[in-house]
Amino acid sequence: MEACHPRRQSNVTAYGATTVAIITLEAFAGMWINAFIVCVLCIACVKKKTLNSNEKILLLLGCSRFWYLCIAWIYKFLSFIYPNYLYVQPILQLAVFFQSFFNHCNLWFSASLCGFYCIKIATFRNRFFIYLKLKIDRMVPWLLLGSGILALAVGIVAYDVADTPHCNSNSTGQGNFGTANIKMDKHFFPSFFLAGFEYAASFMAVIFSAVFLLFSLWRHKRTMQTNSMKDLSMDAHIRAMKSIFSFLVVYSINFVCLVLNMVYVTKKLNHMTFLILVFQYIFPGLHSLVLVFSNPKLEKALLKILPLERSVKRKVCMS
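Keep in mind that this is a model prediction, so the values were computed, not measured.

Tell me about the overall build of the protein chain, and name the residues and values.
Each helix and strand in the protein chain was counted, giving nine helices and two strands. Counting from the amino terminus, helix and strand elements in the protein chain follow one another as α-α-α-α-α-β-β-α-α-α-α. Here the protein chain holds 319 residues, and the buried ones make up 47% of them. Summarising the internal contacts of the protein chain: among those between residues at least 6 apart in sequence, 79% fall at separations of at least 24. When the accessible surface of the protein chain is totalled, it reaches about 17,200 Å², and 69% of it is carbon and sulfur.

Next up, the structure:
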């Protein structure tokens, strides 16, 4: 079945050009910070010949976010500026597949990171929790593999949906995200159901991780109130809480945007769809920046780079 193609013309409005410019800034900033995380961890892996479980999750999270932002930016750029290069088989289907795959990898890897923080740092006497704490390092590769399989399932369903659209006669109306005005048939709903389930499941994992870690911190503070010495476990709790709660706020906004995006997927570009698009492109870079400043190794590496960039700028200005 051949894909329906919009009329091959480019009507780039000022609104559309502004949207592309904002998306470009957000995407390239996010790609830079995630590429930084990947490079630092790869260098550490070469030096140490190994990575701990936390670094493995961060490495895959950085890779998935980098490629998601890269493919999503290319998709939006082409759909706005050069739609005739995008709406041909199998380019559209592959773009939708990889975008969905890396987006859900991003969601599951970030949820896995929150769960890892909770299990590794929180202190509970429950037998099952103690078992998880002892086995978590062995479970991380399987957890990441399961996350990849779930993301792959969504990507396959998204590919099938993109391969069977029904275009109406008014395709490529102005300001319609640069995409065809598509009416999806029954194949559209399995994608919505599966994507919505994964959004909700990963979001609930983050909420439970934050609640359990907060309860652990409260219990630990109450137990250690009489201890005047600096407690390293308390510091670990506070660092993890800052990371998880900052992520919880950002993730909550992202979750709302993902749900709204499913509602407005076939709507024309307006203020609501514009805000959804902006927040979706902010999330991968913003949370990665939070992770950098909550990780001493990454923060130290970043602070080493920033003064170097300033000194180079000064030399250029003096010359």
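Now, onward.
Would you mind going over the side chain of Ser64 in detail, with residue names and values included?
Counting through the fold element by element, Ser64 comes out in helix H2 (residues 53-81). Apart from residues no more than four positions distant in its own chain, Ser64 is found in contact with Phe102, Cys105, Asn106 and Phe109.

Tell me about the nonpolar core, and please be specific about residues and values.
Phe36, Leu113, Tyr281 and Val292 are the most contacted members of the largest nonpolar core, which totals 45 residues. Among the elements of the structure, helix H1 (14-48), H2, helix H4 (91-121), helix H5 (127-163), helix H8 (271-294) and helix H9 (296-318) are those that each provide at least two residues to this core. A total of 10 residues in this core trace back to one element, the largest contributor, which is H2. What Leu113 contacts, discounting residues up to four positions off in sequence, is Asn54, Ile57, Leu58, Leu61 and Leu291.

Break down the packing of aromatic side chains for me, citing the residues and quoting the values.
In this structure the tally under the stated criterion is 12 aromatic pairs. Consider the rings of Trp32 and Phe36, whose centres lie 6.0 Å apart with planes at 10°: the pair is stacked. Here Trp32 pairs with Phe36, and both are found in helix H1, just four residues apart, close to one helical turn. Given the relative accessible area of 39%, Trp32 is considered partly exposed. With a centroid separation of 5.0 Å and an interplanar angle of 85°, the aromatic rings of Phe124 and Phe129 are classed as edge-to-face. Both residues of the pair, Phe124 and Phe129, count as buried. Feature note: the residues Phe124, Phe129, Phe208, Phe212 and Phe215 constitute an aromatic cluster, connected by ring pairs. The ring of Phe283 is capped by Arg65, whose NZ or CZ atom sits 5.2 Å from the centre of that ring.

Describe the packing of H2 against H8, and please don't skip the residues or the numbers.
Viewed as axis vectors pointing N to C, H2 and H8 meet at an angle of 155°, and their least axial separation amounts to 11 Å. Overall, the two elements H2 and H8 adopt an arrangement that is roughly antiparallel. Crossing hand, H2 versus H8: left-handed. On the side of H2, the interface is formed by Leu58, Leu61, Arg65, Tyr68, Leu69, Ala72, Trp73 and Lys76, while H8 contributes Leu277, Tyr281, Phe283, Pro284, His287, Ser288 and Leu291. Taken together, the residues that form the contact of H2 with H8 break down as 11 nonpolar, two polar and two charged.

For the state of the cysteines, give the residues involved together with the corresponding values.
One pass over the structure, following the stated rule, counts zero disulfides. In this structure Cys39 is not part of a disulfide, and its nearest cysteine sulfur, from Cys42, lies 6.7 Å away.

Can you lay out the packing of H2 against H5 for me, pointing to particular residues and giving the numbers?
The description of two helices packed together rests on the angle between their axes and the distance between the axes. For the pair H2 and H5, the least separation of the axes is 9 Å and the interaxial angle reads 15°. By the angle between their axes, H2 is roughly parallel relative to H5. The crossing of H2 and H5 is left-handed. Contact residues: Ser53, Lys56, Ile57 and Leu60 in H2; Asp137, Val140 and Leu144 in H5. Tallied by class, the residues present in the contact of H2 with H5 amount to four nonpolar, one polar and two charged.

Could you give an account of the confidence of the model for the protein chain, with specific residues and numbers?
Per-residue pLDDT for the protein chain averages 76, and the proportion of residues at 70 or more is 74%. Across residues 1-10, confidence stays below pLDDT 50; counting only partners more than four residues off in sequence or on other chains, it has 25 contacts. Note that residues 166-185 has pLDDT below 50 and, in this model, 52 contacts with residues that lie over four places away or in other chains.

What counts and how
- Residues numbered from 1 in each chain as written.
- Predicted model: local features only at pLDDT ≥ 70, side-chain atom pairs only at ≥ 80, totals over all residues.
- Heavy atoms only, no water.
- Helix = DSSP H or I, 4+ residues; strand = E, 2+ residues; numbered from the N terminus.
- Buried < 20%, exposed > 50% of the residue type's maximum accessible area, 1.4 Å probe, protein only.
- Contact = heavy atoms within 4.5 Å.
- Areas by Shrake-Rupley, 256 points an atom, 1.4 Å probe, with all protein chains shown as cover.
- Core = buried A, V, L, I, M, F, W, Y, C linked by side-chain atoms within 4.5 Å.
- Phe/Tyr/Trp six-rings, centres within 6.5 Å; stacked < 30°, edge-to-face > 60°.
- Lys NZ or Arg CZ within 6 Å of the ring centre and 35° of its normal.
- Axes fitted to C-alpha atoms, helices over the stretch in contact; angles between N-to-C directions.
- Parallel < 35°, antiparallel > 145°, perpendicular 65-115°, else oblique.
- Left-handed = near helix turned anticlockwise from the far one by under 90°.
- Nonpolar A, V, L, I, M, F, W, Y, C, P; charged D, E, K, R; others polar.
- Disulfide = S-S within 2.5 Å.
- pLDDT = per-residue confidence, 0-100.

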